[in-house]
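Analysis of the macromolecular model
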Amino acid sequence: MTTFESITPLLAQQAIELPSWAFGNSGTRFKVFGTPGTPRTPQEKIADAAQVNKYTGLSPTVALHIPWDKVDDYPALGAFAADHGVALGTINSNTFQDDDYKFGSLTHADPNIRQKAIDHHYECIDIMNATGSGDLKIWLADGTNYPGQQDLRARQDRLADSLAQIYSRIGATQRLVLEYKFFEPAFYHTDVPDWGTSYAQVVALGDRALVCLDTGHHAPGTNIEFIVMQLLRLGKLGSFDFNSRFYADDDLIVGAADPFQLFRILYEVIRGGGYGTDSSVAFMLDQCHNVEDKIPGQIRSVLNVQEMTARALLVDRAALDAAQNAGDVLGANGILMDAFYTDVRTDLAAWRESRGLDGDPMTAYAASGYQAHIAADRVGGQQASWGA
Ligand code: PSV
Ligand code: MN
């Protein structure tokens, strides 16, 4: 039996990066609802993200999205974050909101537009150098809607060439992570639709190019933990974008739709050496909060990851190994399920208190008055939003 006490040193190593855009307004193509207190500036997004870390101790860094979080002075933004107890993390590029990118960005047939997209990534690397960020995350909206619309092979070749140019600018301690997504906004084909394509592209670049796995970017029924296992086995899992989905790229709270899937993923992460300070696999959230309050939405999310991590760490690996080797099908399955069904919430609350945190971060945040304070304080200006 693995005890809760024995896993706390590993739990203490957990860090989950927050996306700045989770604090802005978001919605669907039908409606984006405004919310009182929504940040108007990158600084206000960072201040909100710091609240999540304050109550959970789980989220010491905030990812930025360029151009949404563009400022004149990045060292000053870093100092602002440090004053709030957090640091700046991954820089996310954006080549999906400019008219020039209607037919693609890094894959575009027009060399001028392709160069514009490459230059945007150079700008992101300059920002990384100013903020001390380690990761450049690339997600592309590139793809087509109709068979025959474009030459699939030529686009893949242009992508490889564009990525090589970007990679050549990445510093010795920096990484490029390439995210995949099987559809949307393009519906017939996406230029980086799956882990295999991302893997093929990053392998051609070099050691500091890795795959980013966004849990929401798979077809229903996909065995995501198998992909996790394979990428760790190949040494190419760079980072996670955590969220959950019911139907498409829903970007809902991680662990909300399928906690068991999250448990299975985290078990393979731990099994494959992708967890803890010894590992370079980065955990990040990539979520939007369309109808729920954003700060508690993020608190709930990191707590969900922590809970499922604890359960995955509780798996009795020695007993599981023995059962697997003995061909004990139901015994092996039972050992995994025993850990999954272990309610760790009371133990986690007591452990938090032993570390000077509130045992119940959701209630502590609600009682803090911060939500009412920002609602009263942040009047006027332009609320941040997906696409602002
Ligand atoms: C779009 O699908 C997306 O959600 C990707 O997952 C990116 O990581 C994110 O936007 C930020 O660009
Ligand atoms: Mn993502």
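These lines cover the structure that appears in this document, whether it is placed above or below. The shown structure was predicted, so the numbers you read here are calculated from the model rather than taken from an experiment.

With that settled, consider the overall build of the chain. Assigned secondary structure in the chain consists of 14 helices and ten strands. Across its three principal axes, the chain shows a C-alpha extent of roughly 60 × 60 × 40 Å. A buried classification covers 53% of the 388 residues belonging to the chain. Long-range pairs, those at least 24 residues apart, make up 78% of the contacts in the chain between residues at least 6 apart in sequence.

On the protein side, the manganese ion (ligand 2) has Glu179 (OE), Asp214 (OD), Asp241 (OD) and Asp286 (OD) as donor atoms, found 2.1 to 2.2 Å from it. Geometry at the manganese ion (ligand 2) is irregular, judged from its six donor atoms and the angles of 72 to 163° they form at the metal. Each donor residue of the manganese ion (ligand 2) belongs to the same chain, and together they define the spacing E-x34-D-x26-D-x44-D. On the criterion of sequence distance, the pair formed by Asp241 in strand 9 (residues 237-242) and Asp286 in the loop between strand 10 (282-285) and helix 9 (294-313) is long-range, its members being 45 residues apart. The residues Asp241 and Asp286 share a single accessibility class, namely buried.

On to the site of ligand 1. Surveying the vicinity of ligand 1 reveals 14 residues, the closest of which are His65, Glu179, Lys181, Asp249 and Asp286. In the environment of ligand 1, an oxygen atom lies 3.2 Å from a nitrogen or oxygen atom belonging to the side chain of His217. Here ligand 1 has 310 Å² of accessible area as a free molecule, and 97% of this is covered by the chains. In terms of residue class, the shell around ligand 1 is made up of four nonpolar, two polar and eight charged.

Scanning all chains against the criterion turns up 17 salt bridges. Of the charged contacts, one joins Glu44 and Arg378 as a salt bridge, the two residues approaching to 3.7 Å between their closest N and O atoms. Placement of the pair is Glu44 in helix 2 (residues 42-56) and Arg378 in the segment after helix 14 (370-377), with a sequence separation of 334 residues. Here Glu44 matches Arg378 in class, with each residue buried. Residue Lys137 pairs with Asp241 through a salt bridge whose shortest N-O separation is 2.7 Å.

For residues that are not glycine, phi is negative in most cases, and the peptide bond is trans in most cases. For the peptide bond that leads from Ile66 to Pro67, omega is 20°, which places it in the cis range. Within the fold, Pro67 resides in the loop between strand 2 (61-65) and helix 3 (74-83). Of note, the amide linkage connecting Glu184 to Pro185 takes the cis form, showing an omega dihedral of 10°. With respect to the secondary-structure elements, Pro185 resides in the loop between strand 6 (175-179) and strand 7 (189-190). Backbone geometry places Glu184, a non-glycine residue, at a positive phi of 75°. Residue position: Glu184 is located in the loop between strand 6 and strand 7.

Pairing in this closed barrel of eight strands is parallel, and the strands run 1-2-3-4-6-8-9-10 around the ring. Going from strand to strand, the sheet's axes swing by 30° on average, the running direction of each strand aside. Where strand 4 (residues 135-138) and strand 6 come together, four bridges link them in parallel fashion. Note on strand 6: the bridge partner recorded for Lys137 is Val177. Helix 3 contacts strand 2 and strand 3 (87-92) of the sheet and is inclined by roughly 130° relative to strand 3. Against the sheet, helix 7 (residues 224-233) makes contact with strand 8 (209-214) and strand 9, and its axis sits at roughly 165° relative to strand 8, the strand it touches most.

Rules used in this analysis
- Residues numbered from 1 in each chain as written.
- Chains lettered and ligands numbered in written order.
- Predicted model: local features only at pLDDT ≥ 70, side-chain atom pairs only at ≥ 80, totals over all residues.
- Heavy atoms only, no water.
- Helix = DSSP H or I, 4+ residues; strand = E, 2+ residues; numbered from the N terminus.
- Buried < 20%, exposed > 50% of the residue type's maximum accessible area, 1.4 Å probe, protein only.
- Contact = heavy atoms within 4.5 Å.
- Donors = N, O, S within 2.8 Å, 3.2 Å for Na, K, Ca; no water.
- Tetrahedral: all angles 85-135°; square planar, octahedral: opposite > 155°, others 65-115°.
- Near = heavy atom within 4 Å.
- Polar contact = N/O pair within 3.5 Å; in protein donor to acceptor, adjacent residues only side chain to side chain.
- Areas by Shrake-Rupley, 256 points an atom, 1.4 Å probe, with all protein chains shown as cover.
- Nonpolar A, V, L, I, M, F, W, Y, C, P; charged D, E, K, R; others polar.
- Salt bridge = Lys/Arg side-chain N within 4 Å of Asp/Glu carboxyl O.
- Pairing = 2+ DSSP bridges.
- Axes fitted to C-alpha atoms, helices over the stretch in contact; angles between N-to-C directions.

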